[in-house]
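The residues making up each chain are set out below.
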Amino acid sequence: MFIFINILVIILVLPLLVFKIYAIFNDMNFIEGVSSTSFLQDKIVNRFLTIPLSNLLTFFGYKVFPESNFLSFYLKDGTRASVEIAESCSGIYSVVIFIAAFIAFIANEYNRFDFLVLSLLILGILTAYFSNLIRMTIIVLVGHYYGIENMLFVHSNIGWIIFLIWISIFWSLLFYILPKQANQINE
């Protein structure tokens, strides 16, 4: 737990703190009413979530319209709706918690960082990203077919369900692969 909390602070809290201090001391509130922090976060969310989500929904035949961090789509009755994809929708906190837990586990149980561990870490991060993209797709599709009220309910509940599913599959895979690898090394 000690390793996990320290890694979490190092990769989540400290970078945000340093960036905010840097932004304050360099007067980076350069857009009217928008801080540089939110400007940067909006650009990242747009590039890594709004646009891929729009592309995925378009690929499946849905008409969607991305604008900055907003995604407009049509409800089943033909009315146009819009959702804001905020930083909290990005899944970044889940990824950071996963990375901290993974590194703490490796440090305690496997005690080395090799190509296999690096590959599993990258696989976990990519799986987290695609799981979040699937989560957002489900949310928009529920909005399309069942309306905004149901979309808000799914938005509030689907995240933890998908997170538990992917993390369970990933850790099961990890427990299967790593002890097997460790046993081969000891023989």
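Here the structure is shown first, and the text comes after it.
Please read these numbers as outputs of a predicted model, since none were measured by experiment.

S.K.: Help me understand helix H3 (residues 92-110), please; the structure alone is not making it clear to me.
M.R.: Each α-helix winds once per 3.6 residues, and so residues spaced three or four apart point in a common direction. Here H3 contains 19 residues, and its C-alpha end-to-end distance of 26 Å stays within 8% of the 27 Å for a straight helix at 1.5 Å per residue. Burial in H3 covers these residues: Val95, Val96, Phe98, Ile99, Ala100, Phe102, Ala104, Phe105, Ile106 and Tyr110. Looking at the residues trailing H3, positive phi occurs at Asn111, about 60°.

S.K.: In this structure, what is going on with the pairing of strand S2 (residues 70-74)? I would like to understand it.
M.R.: Residues in a regular strand project their side chains so that they alternate between the two faces of the sheet. The pairing of strand S1 (residues 64-67) with S2 spans 4 bridges and is classified as antiparallel. Along S2, the bridge assignment pairs Pro66 with Leu71. Taking the residues that link successive antiparallel strands as the turn, the S1-S2 hairpin has 2 residues, and the phi of Ser68 there is positive, at about 55°. Of the pairings in the sheet, the one linking S2 to strand S3 (residues 80-84) comprises 5 bridges and is antiparallel in character. What sits directly across from Leu71, in S3, is Val83. Here S2 folds back onto S3, and the loop between the two strands holds 5 residues, one of which, Gly78, carries a positive phi near 100°.

S.K.: Explain a nonpolar patch on the surface here, please?
M.R.: Where nonpolar side chains cluster on the molecular surface, the patch consists of Met1, Ile5, Val9, Ile10, Ile11, Val13, Leu14, Leu17, Ile21, Ile24 and Phe25 and spans about 1,100 Å² of accessible area. Mapped onto the elements of the fold, Val9 is located in helix H1 (residues 2-25).

S.K.: Looking at this structure, how should I read the sheet that holds S2?
M.R.: Either a parallel or an antiparallel arrangement is found when strands of a sheet pair, and the pairing is made through backbone hydrogen bonds. Read across the open sheet, the 3 strands follow the order S1-S2-S3; overall the sheet is antiparallel. Two strands close off the open sheet at either side, each with one partner strand: S1 and S3. Adjacent strand axes in the sheet meet at a mean angle of 20°, parallel and antiparallel pairs treated alike.

S.K.: Please clarify how the packing of H3 against helix H4 (residues 115-146) should be interpreted in this entry.
M.R.: The angle between the axes and the distance between the axes are what describe a pair of packed helices. Close contact between H3 and H4 brings their axes to 10 Å; oriented N to C, the two are set at 160°. The orientation of H3 with respect to H4, classified from their angle, is roughly antiparallel. Crossing of H3 over H4 shows right-handed handedness. Facing H3, whose interface residues are Val95, Phe98, Ile99, Phe102, Ile106 and Tyr110, H4 presents Leu116, Val117, Leu120, Leu121, Gly124, Ile125 and Ala128.

S.K.: Could you clarify how one ought to interpret the nonpolar core in this entry?
M.R.: Generally speaking, nonpolar side chains in soluble globular proteins are found buried as a group. Counting 21 residues, the largest nonpolar core has Leu49, Leu53, Leu71, Phe73, Ile85 and Met136 as the members making the most contacts within it. Looking at this core, the elements that each hand over two or more residues are helix H2 (36-59), S2, S3, H4 and helix H5 (148-186). For Leu53, the contacting residues outside a window of four places in its chain are Leu71, Ile85, Leu133, Met136, Thr137 and Val140. Counting residues in hydrophobic clusters, the runner-up holds 17 residues, among them Phe98, Val117, Ala128 and Leu174.

S.K.: Would you take a moment to explain the environment of Gly91 for this structure?
M.R.: Mapped onto the fold, Gly91 is located in the loop between S3 and H3. Between the C-alpha atom of Gly91 and that of Tyr129, which follows or precedes it by 38 residues, the distance is 7.2 Å.

S.K.: Explain the environment of Ala107 to me, please; I cannot follow it from the model alone.
M.R.: Among the structural elements, Ala107 can be located in helix H3. With a relative accessible area of 36%, Ala107 lands in the partly exposed category. Between the alpha carbons of Ala107 and Ile3 there is a distance of 8.2 Å; along the sequence they are 104 residues apart.

S.K.: Would you mind going over unusual backbone geometry with me for this structure?
M.R.: Unusually for a residue other than glycine, Ser68 sits at a positive phi of about 55°. Structurally, Ser68 is set in the loop between S1 and S2. The class for Ser68 is partly exposed, based on a relative accessible area of 48%. Phi angles above zero are rare outside glycine, and Asn111 is one such case at about 60°. Looking at the secondary structure, you find Asn111 in the loop between H3 and H4. The exposed category is assigned to Asn111, whose relative accessible area is 62%.

Rules and cut-offs
Residues numbered from 1 in each chain as written. Predicted model: local features only at pLDDT ≥ 70, side-chain atom pairs only at ≥ 80, totals over all residues. Heavy atoms only, no water. Helix = DSSP H or I, 4+ residues; strand = E, 2+ residues; numbered from the N terminus. Expected span 1.5 Å × (residues − 1). Buried < 20%, exposed > 50% of the residue type's maximum accessible area, 1.4 Å probe, protein only. Pairing = 2+ DSSP bridges. Patch = residues over 30% accessible without salt bridge, like charges linked within 9 Å, V, L, I, M, F, W, Y side chains within 5 Å. Areas by Shrake-Rupley, 256 points an atom, 1.4 Å probe, with all protein chains shown as cover. Salt bridge = Lys/Arg side-chain N within 4 Å of Asp/Glu carboxyl O. Axes fitted to C-alpha atoms, helices over the stretch in contact; angles between N-to-C directions. Parallel < 35°, antiparallel > 145°, perpendicular 65-115°, else oblique. Left-handed = near helix turned anticlockwise from the far one by under 90°. Contact = heavy atoms within 4.5 Å. Core = buried A, V, L, I, M, F, W, Y, C linked by side-chain atoms within 4.5 Å.

Any functional reading would require information that these geometric values do not contain.
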